[in-house]
Amino acid sequence: MKNATKKIVFTLAALMTMTLAFAEGETKTNAAVAAEQAKYEMNVNVNALARTLNLDADEIDAVNFISADLKKDMQKAGEAQGEDRDNLYKKAIKHNLSYMHAVLDEDQYRTYVKLLNATLNNRGLNK
């Protein structure tokens, strides 16, 4: 009877240890995924951008719309995995730059590209 009890106790201890190890691994994985997705969150302060680029009212409206579109596209990229993420990221940036180029003059656009590149570099997204 003692051997059967020992086996049950050791089996339960082993199961609990494996369960705790699995749960710890899941927490780290989920945290890593969340950190990676956070890199793709783009919250553009349009008011600060408008001051920096000296935008007029019409340009502010257009930049606000384009920035909201970038935020949505980058969120999709952050939720994707692997090659899909990379493709969605490149598409979002290309889309954003093409629309910004249509709205901004050359000096404003050059400044915007510098700011966007600095942001992407700081987040480790420019490769």
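Residues numbered from 1 in each chain as written. Predicted model: local features only at pLDDT ≥ 70, side-chain atom pairs only at ≥ 80, totals over all residues. Heavy atoms only, no water.

Participant: Report on the overall build of the chain, specifying residues and quantitative values.
Facilitator: For the chain, the helix and strand inventory stands at 5 helices and 0 strands. The linear arrangement of helices and strands in the chain, starting from the amino end, is α-α-α-α-α. A total of 127 residues make up the chain; the buried ones form 25% of that total. At a minimum sequence separation of 6, the contacts of the chain that also span at least 24 residues come to 62%. On the chain, roughly 9000 Å² of surface is accessible, and the fraction owed to carbon and sulfur atoms is 57%. (Helix = DSSP H or I, 4+ residues; strand = E, 2+ residues; numbered from the N terminus. Buried < 20%, exposed > 50% of the residue type's maximum accessible area, 1.4 Å probe, protein only. Contact = heavy atoms within 4.5 Å. Areas by Shrake-Rupley, 256 points an atom, 1.4 Å probe, with all protein chains shown as cover.)

Participant: Requested: an account of the environment of T111, with residues and values cited.
Facilitator: The topology assignment puts T111 in helix 5 (residues 106–122). Through-space distance from the C-alpha of T111 to that of L53 is 7.2 Å; in sequence the pair is 58 residues apart. When sequence neighbours within four positions are dropped, the list of residues in contact with T111 reads T52 and L53.

Participant: Before we move on, could you go through the pattern of salt bridges and cite the residues and values that matter?
Facilitator: Here the structure, examined in full by the defined rule, presents 5 salt bridges. Note that D69 and K72 form a salt bridge whose closest N and O atoms lie 3.3 Å from each other. Of this pair, D69 and K72 both sit in helix 3 (residues 57–79), 3 residues apart, which is roughly one turn of that helix. Taking the shortest distance from any N to any O, the salt bridge between R110 and D107 comes out at 2.5 Å. A residue pair is termed a helical-turn pair when its members lie 3 or 4 positions apart in one helix, as R110 and D107 do in helix 5 at 3 residues. Overall, R110 belongs to the partly exposed group, its relative accessible area being 45%. Judged by its relative accessible area of 52%, D107 falls in the exposed class. (Salt bridge = Lys/Arg side-chain N within 4 Å of Asp/Glu carboxyl O.)

Participant: Break down the side chain of N96 for me, citing the residues and quoting the values.
Facilitator: Within the fold, N96 resides in helix 4 (residues 82–103). In terms of polar contacts, N96 uses its side chain to reach the side chain of Y112, at 2.6 Å. If we ignore the near neighbours within four places in the chain, the residues touching N96 are I66, L70, Y112 and L116. (Polar contact = N/O pair within 3.5 Å; in protein donor to acceptor, adjacent residues only side chain to side chain.)

Participant: I'd like a description of the packing of helix 3 against helix 4, backed by residues and values.
Facilitator: Viewed as axis vectors pointing N to C, helix 3 and helix 4 meet at an angle of 175 degrees, and their least axial separation amounts to 8 Å. Relative to helix 4, helix 3 is oriented roughly antiparallel. Contact residues: E59, A62, V63, I66, S67, D69, L70, D73, M74, K76, A77 and G78 in helix 3; R85, L88, Y89, A92, I93, H95, N96, Y99, M100 and V103 in helix 4. When the residues that make up the contact of helix 3 with helix 4 are grouped by side-chain class, the tally is 13 nonpolar, 4 polar and 5 charged. (Axes fitted to C-alpha atoms, helices over the stretch in contact; angles between N-to-C directions. Parallel < 35°, antiparallel > 145°, perpendicular 65-115°, else oblique. Nonpolar A, V, L, I, M, F, W, Y, C, P; charged D, E, K, R; others polar.)

Participant: Tell me about the environment of S98, and please be specific about residues and values.
Facilitator: In this fold, S98 is placed in helix 4. Since its relative accessible area comes to 43%, S98 is described here as partly exposed.

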